[in-house]
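Read off the chains here:
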Amino acid sequence: METATITKKDIRKLSLTQIKDFLTEHGEQGFRAKQIYEWLWKKSAQTFEEMTNLSKKTRELLENNFDIRAVKVSEKQISSDRTIKSSFELFDHNLVEGVLIPADDRMTACVSSQVGCSLTCKFCATGYMDRKRNLDPAEIYDQVVLIRDQAESHYQTPLTNIVYMGMGEPLLNYANVLSSINYITSPEGLGMSPKRITVSTAGIAKMITKLGDDEVKFNLALSLHAANDEKRNQIMPINESNTLEALKDALLHFYKKTGSRITLEYILFYRFNDTLQDAKELWEFARQFPCKINIIEYNPIAEANYTNTDPQTLAKFAQFFEGKNMVINVRRSRGKDIDAACGQLAGKKPPVVKEEVTA
C-alpha cells in the first residue's frame with residue numbers, strides 16, 4: 001500500500017488570526033498565537049524548537065503541521081572593501097542574492113525580490129536569467145535578517161538601511177514586496193523605519209502610480225541610465241512600453257501623494273550615455289520633480305559589452321550639474337574583487353566557496 005505524502009503548510013503564510021484559529025481548534029490556548037507570531041517575525045525563529053516559552057506538546061503540534069521555510073546562506077564572498085555578497089538558498093533550492101554594503105555612516109542590506117528577472121536589461125547579469133518565480137514576504141524578510149546578522153557578526157554594527165535593488169523587479173512582485181516591508185517595519189516585526197528603506201524599479205509606470213495611491217512611507221528609486229527614449233530602449237526594453245514621459249507623470253503623482261523625493265540612478269557607460277549632451281538630457285528630465293541623482297560606477301559582466309566610463313569623463317559629467325540646484329552623489333563601485341554585479345553569484349553553477357580577506 002502506498003503511503004501518502006503529507007505536505008506541511010508554511011506557517012509564515014498564516015495571519016495571526018489564522019494561527020489562533022488553528023490553536024483553538026486543537027485544544028490550545030489562543031493567546032499562544034501571539035507568542036508564536038512574535039517568534040516568527042520579531043525574533044526570526046528558524047525552528048519550532050527555538051520557541052522556548054511554548055510547551056513541548058505545543059511545539060510538537062506545530063512541527064507536525066507546519067514548516068518554517070527559512071532561507072540559508074549558500075555561498076559568501078567578502079571583498080577587500082568589506083562588502084559581503086551572499087547567495088541565499090530557498091526551500092526549493094533556487095538561489096537569490098543579497099549584499100551587505102558597509103559605509104562610514106550606514107550599513108546597508110541589498111535584497112532580491114524575484115528568482116531571476118523578466119526585464120532583460122542589457123547591462124545586468126540578472127537580466128540574462130529567466131524569471132522563475134516571485135519571492136514571498138518571508139523569503140525577502142529572511143534576507144534582511146541574514147544580512148543584519150552579518151553586519152553584527154563581522155563589523156559589530158547594526159543594520160541601518162535596506163534597498164530592494166537585488167535580483168528581480170520589485171514592482172512586478174508588488175503585493176509580496178509591500179507585505180515584506182510591513183513585516184520589516186512593524187513593531188511586531190523588525191521595527192525598522194520605512195524611511196530607511198528604498199525600493200528600486202526599472203520603471204513600471206502604472207505600479208509607480210499605485211505606490212502613490214497607496215501612500216507608501218518608504219523611498220523610491222528609478223533605475224534610469226539614459227534620459228532619452230532611444231538610448232533607454234537599447235539598454236532597457238521595458239522603456240518601450242513605459243516611456244520617459246509616462247514615467248515622469250507617474251513620478252510626479254508619486255511625489256504629490258507621498259511627499260517623498262525620488263532618487264534617480266544613473267550608471268555611466270563608456271561612450272554610450274556619458275557625454276555632456278547626456279548630462280543635459282538627465283538634468284532636463286530630473287528638474288521636472290523633486291529628486292536627487294546617484295551617478296554610479298558600473299560593475300562589468302561577461303554577458304554584456306558595456307564598460308565603465310573613465311574618471312575624467314565621470315568628473316566632467318558630474319561637474320555639469322554644479323550650480324543647477326540639484327543633489328548629485330557619485331557612488332563608487334563596491335566589491336570589485338568579488339562577484340559583485342547583481343546576478344553574478346547566483347548565476348554561477350555549481351557554487352564555489354570563496355571568501356576573500358577583509359580589509
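Residues numbered from 1 in each chain as written. Predicted model: local features only at pLDDT ≥ 70, side-chain atom pairs only at ≥ 80, totals over all residues. Heavy atoms only, no water.

Student: Requested: an account of the packing of aromatic side chains, with residues and values cited.
Tutor: Across all of its chains, the model carries twelve aromatic pairs by this definition. Residues Trp41 and Tyr141 carry aromatic rings whose centres are separated by 5.0 Å and whose planes lie at 80° to one another, so their mutual orientation is edge-to-face. You can see Trp41 sitting in helix α2 (residues 32-41) and its partner Tyr141 sitting in helix α4 (residues 137-155), a full 100 residues away along the chain. In terms of burial, Trp41 and Tyr141 fall into one category: buried. Here the guanidinium or amino end of Arg82 rests over the ring plane of Tyr155, the centre of that ring lying 4.2 Å away. A cation over a ring is seen here: Lys324 above Trp283, with NZ or CZ 5.6 Å from the ring centre. (Phe/Tyr/Trp six-rings, centres within 6.5 Å; stacked < 30°, edge-to-face > 60°. Helix = DSSP H or I, 4+ residues; strand = E, 2+ residues; numbered from the N terminus. Buried < 20%, exposed > 50% of the residue type's maximum accessible area, 1.4 Å probe, protein only. Lys NZ or Arg CZ within 6 Å of the ring centre and 35° of its normal.)

Student: Give me the pairing of strand β9 (residues 161-164): which residues, what numbers.
Tutor: Residues Asn161 and Val163 line one face of β9 and the alternating positions Ile162 and Tyr164 line the opposite face, and both faces are buried. Taken together, the three bridges between strand β6 (residues 107-110) and β9 define a ladder with parallel strand orientation. Bridging across to β9, Thr108 finds its partner in Asn161. With three bridges joining them, β9 and strand β10 (residues 197-201) adopt parallel strand pairing. Paired with Tyr164 across the strands is Val199, a residue of β10. For the crossover from β9 across helix α5 (residues 174-185) to β10, the handedness is right-handed. (Pairing = 2+ DSSP bridges. Right-handed = clockwise from strand over helix to strand, strands pointing away.)

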